[in-house]
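Single-letter residue listing:
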Amino acid sequence: MRRIYIGIIFLLTAFSIAAVETGLISAKADYYISRIENIDKYMRKDDFQKASELCKEVEGLWDDSTKTIDIFLIHDYVDSVSLYLTRMNAYIENGSIDMYFSESAGIKKELTSLKESELPTIDNIL
């Protein structure tokens, strides 16, 4: 009987960790997508100074978040988002609006993909 209780405890622990991981990744992805959309608004207004400041802030926040996110995700995915942010900031500083929006769309798609890849769906399980 004791083995059954230990098995149930392990099962509940695994489900709890999976729920925390899914919630954390989902919340982080949504947060960064909304921050990038704010930068997009400044780029549409041609306010490159404010867009650059926000992009640097988001990049710093992302770097701080990577310590936590790396625990749950493959390191290459996290590096990919970091690379997008670096290129976005470079395009803002150069005034390359088209290239910026290309990178912006790419990072939003990458973050959405990260979020969806952690959801407990049949496709992700199989």
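The following refers to the structure shown. (Residues numbered from 1 in each chain as written. Predicted model: local features only at pLDDT ≥ 70, side-chain atom pairs only at ≥ 80, totals over all residues. Heavy atoms only, no water.)

So, helix H1 (residues 2-44)
Worth spelling out the cut-off: The helix count covers DSSP runs of H or I at least four residues long, the strand count covers runs of E at least two residues long, and both are numbered beginning at the N terminus. Take the residue count of a helix, subtract one, and multiply by 1.5 Å to get its expected span. Here, residues are in contact when the closest pair of their heavy atoms is within 4.5 Å.
Across its 43 residues, H1 extends 63 Å between first and last C-alpha, which sits within 8% of the 63 Å expected from 1.5 Å per residue. Contacts made by the buried residues of H1 are with helix H2 (48-72), helix H3 (75-94) and helix H4 (97-117). Trailing H1 by a residue or two, Asp-46 shows a phi angle of about 60°, which is positive.

Some points on the packing of aromatic side chains
Rules: Note on ring pairs: Phe, Tyr and Trp rings are taken, using the six-membered ring of Trp, and paired if centres are within 6.5 Å. Classes follow the plane angle, with under 30 degrees stacked, over 60 edge-to-face and the rest tilted. Only protein chains enter the calculation, and the probe is 1.4 Å; a residue is then buried if its accessible area is under 20% of its type maximum, exposed if over 50%, and partly exposed in between. For a Lys NZ or an Arg CZ to count as sitting over a ring, it must be within 6 Å of the ring centre and within 35 degrees of the ring normal.
Counting across every chain of the model gives three aromatic pairs. Arranged with centres 5.1 Å apart and planes meeting at 75°, the rings of Tyr-31 and Tyr-32 form a pair that is edge-to-face. Ring centres 5.1 Å apart and planes at 75° place the aromatic pair Tyr-100 and Phe-101 in the edge-to-face group. We classify Tyr-100 as buried; its relative accessible area is 0%. Connected via pairs of aromatic rings, a cluster forms that spans Tyr-31, Tyr-32 and Trp-62. The side chain of Lys-45 reaches across the aromatic face of Tyr-42, ending 5.6 Å from its centre.

Describing the pattern of salt bridges
Just so we agree on the cut-off: Every case where a carboxyl oxygen of Asp or Glu lies within 4 Å of a side-chain nitrogen of Lys or Arg is listed as a salt bridge.
Going through the model one piece at a time under the given rule, you end up with five salt bridges. Note that Asp-30 is salt-bridged to Lys-115, the shortest N-O span being 2.7 Å. Pair noted here: Asp-30 is in helix H1 and Lys-115 is in helix H4, with a separation of 85 residues, a long-range link. Note that Lys-56 is salt-bridged to Glu-93, the shortest N-O span being 3.5 Å. With Lys-56 in helix H2 and Glu-93 in helix H3, this pair connects stretches of sequence that are 37 residues apart. Note on Lys-56: relative accessible area 46%, which makes it partly exposed.

Observations regarding the packing of H2 against H3
We count it as follows: Axis lines are fitted to C-alpha atoms, over the contacting stretch for helices. Their N-to-C directions set the angle, which ranges from 0 to 180 degrees. Angle categories: roughly parallel below 35 degrees, roughly antiparallel above 145, roughly perpendicular from 65 to 115, and oblique for all the rest. Residues are grouped as follows: Ala, Val, Leu, Ile, Met, Phe, Trp, Tyr, Cys and Pro are nonpolar; Asp, Glu, Lys and Arg are charged; all remaining types, including Gly, are polar.
Where H2 meets H3, the closest approach of the two axes is 9 Å, and the angle between their N-to-C directions is 170°. Considered as vectors, H2 and H3 are oriented roughly antiparallel to each other. Side by side, H2 and H3 meet where Phe-48, Ala-51, Ser-52, Cys-55, Lys-56, Val-58, Glu-59, Trp-62, Asp-63, Thr-66, Ile-69 and Asp-70 of the first sit next to His-75, Val-78, Val-81, Ser-82, Leu-85, Thr-86, Met-88, Asn-89, Ile-92 and Glu-93 of the second. Taken together, the residues of the contact of H2 with H3 break down into 11 nonpolar, six polar and five charged.

Considerations on the packing of H3 against H4
Basically, it comes down to this: Helix crossings are classified by the rotation of the near helix relative to the far one: an anticlockwise turn of less than a right angle makes the crossing left-handed, while a clockwise turn makes it right-handed.
Axis separation between H3 and H4 bottoms out at 9 Å; the angle between their running directions is 160°. When the axes of H3 and H4 are compared, the pair comes out roughly antiparallel. Relative to H4, H3 is oriented so that their crossing is left-handed. Judged by residue contacts, Tyr-77, Ser-80, Val-81, Tyr-84, Leu-85, Arg-87, Met-88, Tyr-91 and Ile-92 of H3 engage Met-99, Tyr-100, Glu-103, Ser-104, Gly-106, Ile-107, Glu-110, Leu-111 and Leu-114 from H4. Here the contact of H3 with H4 is composed, by residue class, of 12 nonpolar, three polar and three charged.

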